[in-house]
Amino acid sequence: MPLPFLTADRAFDTTDDIALPFDDHDQWRRPYRPGPWRVGLAAVALLLASFVLLAAVIIAVAGSFGGALFTFGLAAVIICVALRLLRMGVWVSRAGLRHIAFFATRTVPWRQVAAVRTVQQPVRWLGLPRTVQGQALVLVRPDGEQAPLLTDHNADFLSRVEAFDRAADTIEAWNAEYADHTATEAR
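Residues numbered from 1 in each chain as written. Predicted model: local features only at pLDDT ≥ 70, side-chain atom pairs only at ≥ 80, totals over all residues. Heavy atoms only, no water.

Visitor: Before we move on, can you summarise the sheet that holds strand 5 (residues 131-140) with the specific residues and values?
Guide: Within the open sheet, the 3 strands sit side by side as 4-5-6. Their pairing is antiparallel. The sheet is open, and its two borders are formed by strand 4 (115-124) and strand 6 (146-151), each paired with just one other strand. Taking the axes of each pair of neighbouring strands and ignoring which way they run, one obtains an average angle of 40° across the sheet. In terms of strand pairing, strand 4 meets strand 5 through 10 bridges, oriented antiparallel. By the bridge assignment, Ala115 is partnered in strand 5 with Val140. (Pairing = 2+ DSSP bridges. Helix = DSSP H or I, 4+ residues; strand = E, 2+ residues; numbered from the N terminus. Axes fitted to C-alpha atoms, helices over the stretch in contact; angles between N-to-C directions.)

Structure representation (structure tokens):
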């Protein structure tokens, strides 16, 4: 079941390449759909949260309100973790590029981006310490510092090479459009 309200690639679902009237480049959007690994893990976490909430209700009915509050709090933490898992990724807007990780969010204005390019390098498999040879979309700053944004072995693109290529091309296109746009504004 596609959820077009969660992603920015709803413009790819049309047969022509004209911009849709509701495409607002000032809003933050993810230029790709969340991958099945990420969605599956979040779904399992939400299923676990439903069982924990059921247990909290049973504990509350049994009369142990301290235990019920703790269990409700645990369920709230699990729900927050699942929502954060779904929010993780790279988001773009006219203002810049936003990389949302589990514990941190980094926003870089387009004027501080020298390039966004795809490189072959060792990448982490599903974010675990194990590395494999793969592709990564890296952000290059004007001082030469490189930061990986996406890899073809993360939870969004594992076994989805075409989706990684399309997402990388889209983010590179945003960079090409707005990096040039901010350069002409500075003049």
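Visitor: Quick rundown of the environment of Gln121? Include the residues and the values.
Guide: In this structure, Gln121 sits in strand 4. Taking the relative accessible area as the measure of exposure, Gln121 reaches 23% and is therefore partly exposed. Sequence separation between Gln121 and Gln133 is 12 residues, and the spatial gap between their C-alpha atoms is 5.8 Å. Excluding anything up to four places from it in sequence, Gln121 contacts Val132, Gln133, Gly134, Ala136, Val138 and Pro148. (Buried < 20%, exposed > 50% of the residue type's maximum accessible area, 1.4 Å probe, protein only. Contact = heavy atoms within 4.5 Å.)

Visitor: Outline the packing of aromatic side chains, supporting the account with residue identities and numerical values.
Guide: One pass over the structure, following the stated rule, counts 4 aromatic pairs. When the ring of Tyr32 is compared with that of Phe157, the centres are 5.0 Å apart and the planes differ by 55°; the resulting orientation is tilted. One end of the pair, Tyr32, is in the segment before helix 1 (36-62); the other, Phe157, is in the loop between strand 6 and helix 3 (161-186), with 125 residues separating them in the sequence. Residue Tyr32 is classed as buried on the basis of its relative accessible area, which comes to 3%. Ring centres of Phe102 and Phe103 lie 4.8 Å apart, and the angle between their planes is 90°; this geometry places the pair in the edge-to-face category. In this structure Phe102 comes out as partly exposed when scored by relative accessible area, which is 28%. Members of the aromatic cluster, joined through ring pairs, are Tyr32, Phe157 and Phe164. Lying over the aromatic face of Trp125, Arg130 brings its terminal NZ or CZ to 5.6 Å of the ring centre. (Phe/Tyr/Trp six-rings, centres within 6.5 Å; stacked < 30°, edge-to-face > 60°. Lys NZ or Arg CZ within 6 Å of the ring centre and 35° of its normal.)

Visitor: Requested: an account of the environment of Leu158, with residues and values cited.
Guide: Summarising the element assignment, Leu158 is placed in the loop between strand 6 and helix 3. In the structure, Leu158 is positioned 123 residues away from Gly35 in sequence and 7.8 Å away in space, judged by C-alpha atoms. With residues near it in sequence (within four places) discarded, Leu158 still touches Trp37, Trp125, Leu126, Asp152 and His153.

Visitor: Break down the nonpolar core for me, citing the residues and quoting the values.
Guide: Leu137, Leu149 and Leu150 are the most contacted members of the largest nonpolar core, which totals 20 residues. Of all the elements in the fold, those that place two or more residues in this core are strand 1 (89-93), strand 5, strand 6 and helix 3. Beyond its immediate stretch of four places on either side in the chain, Leu149 contacts Val90, Leu97, His99, Val116, Leu137, Val138 and Leu139. (Core = buried A, V, L, I, M, F, W, Y, C linked by side-chain atoms within 4.5 Å.)

Visitor: I'd like a description of the packing of helix 1 against helix 2 (residues 65-87), backed by residues and values.
Guide: Angle between the axes and distance between the axes: these two values describe a pair of packed helices. Closest axis-to-axis distance for the helix 1/helix 2 pair is 8 Å, and the angle between their directions is 165°. For the element pair helix 1 / helix 2, the angle class is roughly antiparallel. Read as a crossing pair, helix 1 and helix 2 show a hand that is left-handed. Across the contact of helix 1 with helix 2, the residue classes break down as 24 nonpolar, 2 polar and 1 charged. (Parallel < 35°, antiparallel > 145°, perpendicular 65-115°, else oblique. Left-handed = near helix turned anticlockwise from the far one by under 90°. Nonpolar A, V, L, I, M, F, W, Y, C, P; charged D, E, K, R; others polar.)

Visitor: Kindly report on the sheet that holds strand 1, identifying the contributing residues and their values.
Guide: The strand order across the open sheet formed by 3 strands is 1-2-3, and the pairing between neighbours is antiparallel. Each edge of the open sheet carries a strand with a single partner, namely strand 1 and strand 3 (105-109). The sheet shows a mean angle of 15° between the axes of neighbouring strands, taken without regard to direction. Pairing between strand 1 and strand 2 (residues 96-100): 5 bridges, direction antiparallel. Looking at strand 2, one finds that Gly89 is bridged to Ile100.

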